[in-house]
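# Coordinates in review
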Amino acid sequence: MEKRKATCYVIRRSSKCLFDHLFHRTFDEPPLQWNSGSMRNFVGAFKQLSSQVEQASRNPFTSSYLSSNVADFNHASTTKCSQRSFSLWRRFYGSAATLIQKNLAFSDINSDDISYFKNILGDENVVHDADRLQVANTDWLHQYKGSSKLMLTPRSTEEVSQILKYCSTRCLAVVPQGGNTGLVGGSVPVFNEVIINMGLMNKIISFDQVSGVLVCEAGCILENLESFLDNEGFIMPLDLAAKGSCQIGGNISTNAGGVRLVCYGSLHGNVLGLEAVLANGTVLDMLGTLRKDNTGYDLKHLIIGSEGSLGIITKVSILTPPKLSAINLAFLACNDYLSCQKLLLEAKRKLGEVLSAFELLDSQSMDLVLNHLEGVRNPLPPSVHNFYVLIETTGSDESHDKEKLEAFLFCSMGSGLISDGVIAQDINQASSFWRIREGISEALMKAGVIYSYDLSLPVEKMYDLVEEMRMRLGHSAKVIGFGHMGDGNLHLVMSAPKYDDAILAQIEPFVYEWTSKHRGSISAEHGLGLMKANEIHYSKSPEVVQLMVSIKKLLDANGILNPYKVLPHSLLRLSG
């Protein structure tokens, strides 16, 4: 008993709340001495103080192509857009490596169009500067590049409506664009579509302190919303590595997930209402702020996750949770993936309502970050472990939350689930831990070219795919596995010095077939975009896809909104 008390004392002393009022806290006891990394290895202390404690018994862990009779998207319009022909091909890497046919029925921009847009937007918001267009035409991964000659930056819903009404009449294809942080080619043109960038619509309209409902425009940057809410004592239910540039409208259009989903759920649950403009300029006012509204069809859910293919989001109302003061972050090491699974199960059981994040990265991910990002250090030197887990707890009762975390760590160490670990002592250490997890994508960009896949899988199967992919690729590419283990979201990334069709042939369609075989989804949070539009059948049945095509036809008869994205290209051809 005395040994257990001593062990709990060490863990308790190393479990300082990260976010108290001034990020400082006074202890009655003398301060602990930290190592060069300013963090204490509590597993080392555990082994030192409890070497004779019997290990607890380990808990058992209980763990076809669309058929040809799917109707083409035909006979949709009697306008001049109904004369359809396809030529002009474009090739992209990834799942869009097949040639993309340009729809020649879409009009090209002329001087009259530019004059019209300048009349409603002003000269400064009609952009045809080559440098700005180059940035807007290129996706974040530099894998997709369009050739748009025009970008519009509206300042109001009315301007968006006027733009789309005109574009529908002229049959000008458009691409809605937010922060352009997408990873599947969904936010950039395929050919010369008009870019509608929402960045100037960045006002916070209202915030209700009682209900926690925030109403804002779609162009608000996620991190700016986070800062605003922090001053009000609230947080966004969404947290992404790209929060410094991504916009809330784009987040909702792609139904972005992030690290807080395990605690606060998806945007389908947190978005209470939105305003959107359809392809013909019609404004849909669904900007409700009520938690309950059971009147008719809840149409906002069609827009959420539709990637700008059904309408352009202009305003949103979102439910934000209160900011809680007791936050702890642990960076843990595990010997194998089975231990990670058991650790997740135990975290859900023993941390319960305070568990706010459960993130996984493998040793290859850690190597990548350590080798390619400046200032990043291994929290558990000197060795690199097979797997790492970040566990965050968030609650309102500091002593209660610490007690739960300490009991969880004690049991997990005793049963051998954790081989090493540290707990952040302040905001700087917490940031350094999150820098490792959130810096993986940046490190991958510096390491070479990548083939990236965002998959949703049963937790027990997640890492099987990583291992199988390593066997398939051998030494031709590095295979990295990381992601949001708490909600079964795997980010599978292959890194190579240069693009190689032979590597791609080993990856696809294998990765989609494997995911489909195990009842997973080929897109967990990044969307389908251009990259996976033709692969939707791996996750959705022909009947479901056909219904989606019918909805697209109803809301965007001329197909001008974000063409070539989300749905199979062959089904989006319109004929007279």
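Residues numbered from 1 in each chain as written. Predicted model: local features only at pLDDT ≥ 70, side-chain atom pairs only at ≥ 80, totals over all residues. Heavy atoms only, no water.

## Description of the overall build of the chain
Check the secondary structure of the chain and you find 19 helices and 18 strands. Across the 576 residues of the chain, 55% fall into the buried class. (Helix = DSSP H or I, 4+ residues; strand = E, 2+ residues; numbered from the N terminus. Buried < 20%, exposed > 50% of the residue type's maximum accessible area, 1.4 Å probe, protein only.)

## With respect to the nonpolar core
One finds Phe 117, Leu 343, Tyr 453, Leu 492 and Met 494 to be the most contacted residues of the largest nonpolar core, which totals 93 residues. Per-element tally for this core: the top contributor is helix 16 (residues 462–473), with 6 residues. Each residue touching Met 494, except ones within four places of it in the same chain, is listed here: Val 449, Ile 450, Tyr 451, Tyr 453, Met 469, Leu 473, Ala 477, Lys 478, Val 479 and Ile 507. (Core = buried A, V, L, I, M, F, W, Y, C linked by side-chain atoms within 4.5 Å. Contact = heavy atoms within 4.5 Å.)

## Some remarks on the environment of Val 215
Structurally, Val 215 is set in strand 8 (residues 213–217). Contact partners of Val 215, with chain neighbours within four places excluded, come to Ile 204, Ile 205, Ser 206, Leu 287, Thr 289, Val 316 and Ser 317.

## Here we look at the pairing of strand 5 (residues 174–177)
Of the two faces of strand 5, both are covered, the one formed by Val 174 and Pro 176 as well as the one formed by Val 175 and Gln 177. Two elements, strand 5 and strand 6 (residues 194–197), share 4 bridges in a ladder whose sense is parallel. Bridge assignment links Val 175 to a residue of strand 6, and that residue is Ile 195. (Pairing = 2+ DSSP bridges.)

## Quick look at the packing of helix 3 (residues 111–121) against helix 5 (residues 157–170)
Interaxial distance between helix 3 and helix 5 falls to 10 Å at its minimum, and their mutual angle equals 165°. In terms of orientation, helix 3 lies roughly antiparallel with respect to helix 5. When the axes of helix 3 and helix 5 are compared, the crossing they make is right-handed. Residues Asp 112, Asp 113, Tyr 116, Phe 117, Ile 120 and Leu 121 of helix 3 pack against Glu 159, Gln 162, Ile 163, Tyr 166, Cys 167 and Arg 170 of helix 5. Here the residues of the contact of helix 3 with helix 5 sort into 7 nonpolar, 1 polar and 4 charged. (Axes fitted to C-alpha atoms, helices over the stretch in contact; angles between N-to-C directions. Parallel < 35°, antiparallel > 145°, perpendicular 65-115°, else oblique. Left-handed = near helix turned anticlockwise from the far one by under 90°. Nonpolar A, V, L, I, M, F, W, Y, C, P; charged D, E, K, R; others polar.)

## Observations regarding the sheet that holds strand 9 (residues 271–277)
Taking strand neighbours across the sheet as the criterion, the 5 strands line up as 7-8-11-9-10 in an open arrangement whose pairing is antiparallel. Looking along the sheet, the strands with just one partner apiece sit at the ends: strand 7 (204–207) and strand 10 (283–286). Pairwise comparison of adjacent strand axes, ignoring direction, gives a mean angle of 10° for this sheet. Note: strand 7 against strand 8, 3 bridges, orientation antiparallel. Bridged to Ile 204 within strand 8 is Cys 216. Together, strand 7 and strand 8 form the strand contacts of helix 6 (residues 222–232), whose direction differs from that of strand 7 by roughly 30°.

## Some thoughts on the side chain of Ser 187
Within the secondary structure layout, Ser 187 lies in the loop between strand 5 and strand 6. Taking relative accessible area as the criterion, Ser 187 reaches 13% and is therefore assigned buried. In terms of polar contacts, Ser 187 uses its side chain to reach the side chain of Asn 180, at 2.7 Å. Once residues within four sequence positions are removed from consideration, Ser 187 is found in contact with Val 175, Pro 176, Gln 177, Asn 180 and Gly 182. (Polar contact = N/O pair within 3.5 Å; in protein donor to acceptor, adjacent residues only side chain to side chain.)

## Observations concerning the packing of aromatic side chains
Using the criterion set out here, one finds 14 aromatic pairs in the structure. An angle of 70° between the planes, with centres 5.9 Å apart, marks the rings of Tyr 453 and Tyr 512 as edge-to-face. You can see Tyr 453 sitting in strand 16 (residues 449–456) and its partner Tyr 512 sitting in helix 18 (residues 510–517), a full 59 residues away along the chain. On the accessibility criterion, Tyr 512 (0% relative accessible area) is buried. Look at Tyr 512 and Tyr 538: their rings are 5.6 Å apart centre to centre, the planes differ by 25°, and that puts the pair in the stacked class. Taken together, the positions of Tyr 512 in helix 18 and Tyr 538 in the loop between helix 18 and helix 19 (542–555) put the pair 26 residues apart, joining distant regions of the chain. Three or more aromatic residues link up through ring pairs in this structure, and these residues are Tyr 116, Phe 117 and Tyr 166. (Phe/Tyr/Trp six-rings, centres within 6.5 Å; stacked < 30°, edge-to-face > 60°.)

## A short note on the pairing of strand 15 (residues 420–423)
Side chains Asp 420 and Val 422 of strand 15 all project onto a buried face; the interleaved residues Gly 421 and Ile 423 project onto the opposite face, where all are buried too. Sheet topology places strand 12 (residues 326–334) next to strand 15; 4 bridges connect them, and they run antiparallel. Following the sheet pairing, Ala 333 is matched in strand 15 by Asp 420.

## Comments concerning unusual backbone geometry
Each neighbour pair has its own omega, and for Pro 381 with Pro 382 the value is 5°, a cis peptide bond. With omega at 5°, the peptide bond leading from Glu 508 into Pro 509 counts as cis. With respect to the secondary-structure elements, Pro 509 resides in the loop between helix 17 (501–507) and helix 18. Positive phi outside glycine occurs at Tyr 564, with the angle close to 75°. With respect to the element layout, Tyr 564 can be found in the segment after helix 19. By relative accessible area, which is 8% here, Tyr 564 ends up buried.

## Structural notes on the sheet that holds strand 6
Pairing in this open sheet of 4 strands is mixed, and the strands run 3-4-6-5 from one edge to the other. Each edge of the open sheet is held by one strand with a lone partner, namely strand 3 (126–127) and strand 5. Judged from the 2 bridges that link them, strand 4 (residues 151–152) and strand 6 form a sheet pairing that is parallel. From the neighbouring strand, Met 151 faces strand 6, where its bridge partner is Ile 195.

## Points about the pattern of salt bridges
As enumerated under the stated definition, the model contains 17 salt bridges in all. When the shortest N-O distance is used, the salt bridge between Lys 315 and Glu 275 registers 3.0 Å. Note that Lys 315 is positioned in strand 11 (residues 312–319) and Glu 275 in strand 9, a separation of 40 residues in sequence. Residue Lys 315 is classed as buried on the basis of its relative accessible area of 17%. Overall, the relative accessible area of 9% leaves Glu 275 in the buried class. (Salt bridge = Lys/Arg side-chain N within 4 Å of Asp/Glu carboxyl O.)

## As for helix 15 (residues 440–447)
Residues of helix 15 that are buried include every one of Ile 440, Ala 443 and Leu 444, and no others. Taken around the axis of helix 15, the buried residues stretch over an arc of 105°, which confines them to a single face. Once helix 15 ends, the next one or two residues include Gly 448, with phi positive near 155°. (Arc of directions from axis to C-beta.)

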